[in-house]
Amino acid sequence: MRRIEIAPSILAADFTDLKKELKMLETAEVERIHLDVMDGHFVPNITFGPPLIHCIDDVTDLFLEAHLMIFEPQKYLKAFKNAGSDIIIIHKEVLANPRPLLEEIKGMGIQAGISINPGTPWQEIKDVLAIVDMVLIMTVNPGFGGQKYIADAALKMQDMAEYISNAGFKQEIDIGIDGGIDPETIKDAAAKGANVFIAGSSIFNADDPIQRIKELRKAATDV
Ligand code: DX5
Ligand code: ZN
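Residues numbered from 1 in each chain as written. Chains lettered and ligands numbered in written order. Predicted model: local features only at pLDDT ≥ 70, side-chain atom pairs only at ≥ 80, totals over all residues. Heavy atoms only, no water.

## Quick word on the site of ligand 1
Part 1 of the reasoning: With respect to spatial proximity, 20 residues lie near ligand 1, and among them D36, G146, D178, G200 and S201 are the closest.
Part 2 of the reasoning: Between ligand 1 and H34 there is a distance of 3.5 Å, counted from an oxygen atom to a side-chain nitrogen or oxygen.
Part 3 of the reasoning: The contact in question runs from an oxygen atom of ligand 1 to an N or O atom on the backbone of G146, over 2.7 Å.
Part 4 of the reasoning: If ligand 1 stood free it would expose 380 Å²; the protein chains cover 99% of that surface.
Part 5 of the reasoning: Of all the secondary-structure elements, those providing two or more residues to the shell around ligand 1 are β2 (32-38), β3 (63-69) and β8 (196-199).
Part 6 of the reasoning: Top element by residues in the shell around ligand 1 is β2. It accounts for three residues.
Part 7 of the reasoning: In terms of residue class, the shell around ligand 1 is made up of eight nonpolar, ten polar and two charged. (Near = heavy atom within 4 Å. Polar contact = N/O pair within 3.5 Å; in protein donor to acceptor, adjacent residues only side chain to side chain. Areas by Shrake-Rupley, 256 points an atom, 1.4 Å probe, with all protein chains shown as cover. Helix = DSSP H or I, 4+ residues; strand = E, 2+ residues; numbered from the N terminus. Nonpolar A, V, L, I, M, F, W, Y, C, P; charged D, E, K, R; others polar.)

Listed below in structure tokens is the structure:
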């Protein structure tokens, strides 16, 4: 059976009580924590950077996924690795050739991922699939939590997933979906081939986040 992983994005969490939020996520047995890093240039919003990730790494053993929505990611790879990131995901849109950076990330002994915006065809990352641990498909234009799921942006995942399963790469590749994921849209994403599901507002704005995580997992598994 396909491995399903839930990755809550802490962008929608209570930052004044992050330790409690992280304990809650551990209780809910999520597989990863998704960390949305924004620089105010690649996206029109600014969030947080390595110091916060360091604090999070100090209080949890969960797998930390750094989603870098920033220009010039090459300047910050070491800082994100040293902060405790277990995977660093960079965006294709900021790099003519992402391969050297992905290799550098792998060389640091952690996982490497590549992300594409709704408007970017998956073929633009075809030549790096052989070396990535994860592809992250955006189903919103990055920059903010709480946006509506763009179903059309998930369509390309089917072709890509088929290509990956036929290509016979030596490593396993996770296919993540990010933006507007809730108990309904997660079914569409799972049916199209995703196995890692990022969700922010749907989890943290729920009356019972632990229950919501269970619902998400069940909806993705039942597809
Ligand atoms: C968008 C971020 C997402 C986002 C998810 O730029 O990459 O991870 O915070 O939040 P929701 O689930 O609220 O769309
Ligand atoms: Zn994200």
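## Quick word on the side chain of T120
Part 1 of the reasoning: Looking at the element boundaries, T120 is found in the loop between β5 (111-116) and β6 (134-138).
Part 2 of the reasoning: Within polar-contact distance, the side chain of T120 engages the side chain of E93 at 2.5 Å.
Part 3 of the reasoning: Aside from chain neighbours lying at most four places away, what touches T120 is E93 and K156. (Contact = heavy atoms within 4.5 Å.)

## Things to note about the nonpolar core
Part 1 of the reasoning: In terms of nonpolar packing, the biggest core is built from 70 residues, with I90, I177 and F197 touching the most fellow members.
Part 2 of the reasoning: Here this core takes five residues from helix α5 (residues 151-167), the largest share from any one element.
Part 3 of the reasoning: Excluding anything up to four places from it in sequence, I90 contacts L68, P73, L77, L95, P98, L101, L102, I105, G113, I114 and S115.
Part 4 of the reasoning: Formed by nine residues, the second largest nonpolar core is a distinct cluster that contains A7, I87, M134 and V140. (Core = buried A, V, L, I, M, F, W, Y, C linked by side-chain atoms within 4.5 Å. Buried < 20%, exposed > 50% of the residue type's maximum accessible area, 1.4 Å probe, protein only.)

## Brief notes about the side chain of H34
Part 1 of the reasoning: Mapping H34 onto the fold places it in strand β2.
Part 2 of the reasoning: Residue H34 is classed as buried on the basis of its relative accessible area of 0%.
Part 3 of the reasoning: Polar contacts involving the side chain of H34 include one to the side chain of H67, which spans 3.3 Å.
Part 4 of the reasoning: Excluding residues within four positions of it along the chain, H34 makes contact with A7, P8, S9, I10, E65, H67, L136, D178 and I198.

## A short note on the sheet that holds strand β4 (residues 87-91)
Two orientations exist for strands paired in a sheet by backbone hydrogen bonds: parallel and antiparallel.
Part 1 of the reasoning: Strands sit in the order β1-β8-β7-β6-β5-β4-β3-β2 across an open sheet of eight strands; the sheet is parallel. Single-partner strands in this sheet number two, and they are β1 (5-8) and β2. Averaged over all neighbouring strand pairs, the angle between strand axes comes to 25°, with direction disregarded.
Part 2 of the reasoning: Pairing of β3 with β4 involves three bridges; the strand directions are parallel. Paired with H67 across the bridge in β4 is I89. (Pairing = 2+ DSSP bridges. Axes fitted to C-alpha atoms, helices over the stretch in contact; angles between N-to-C directions.)

These figures come from the coordinates and say nothing about function on their own.
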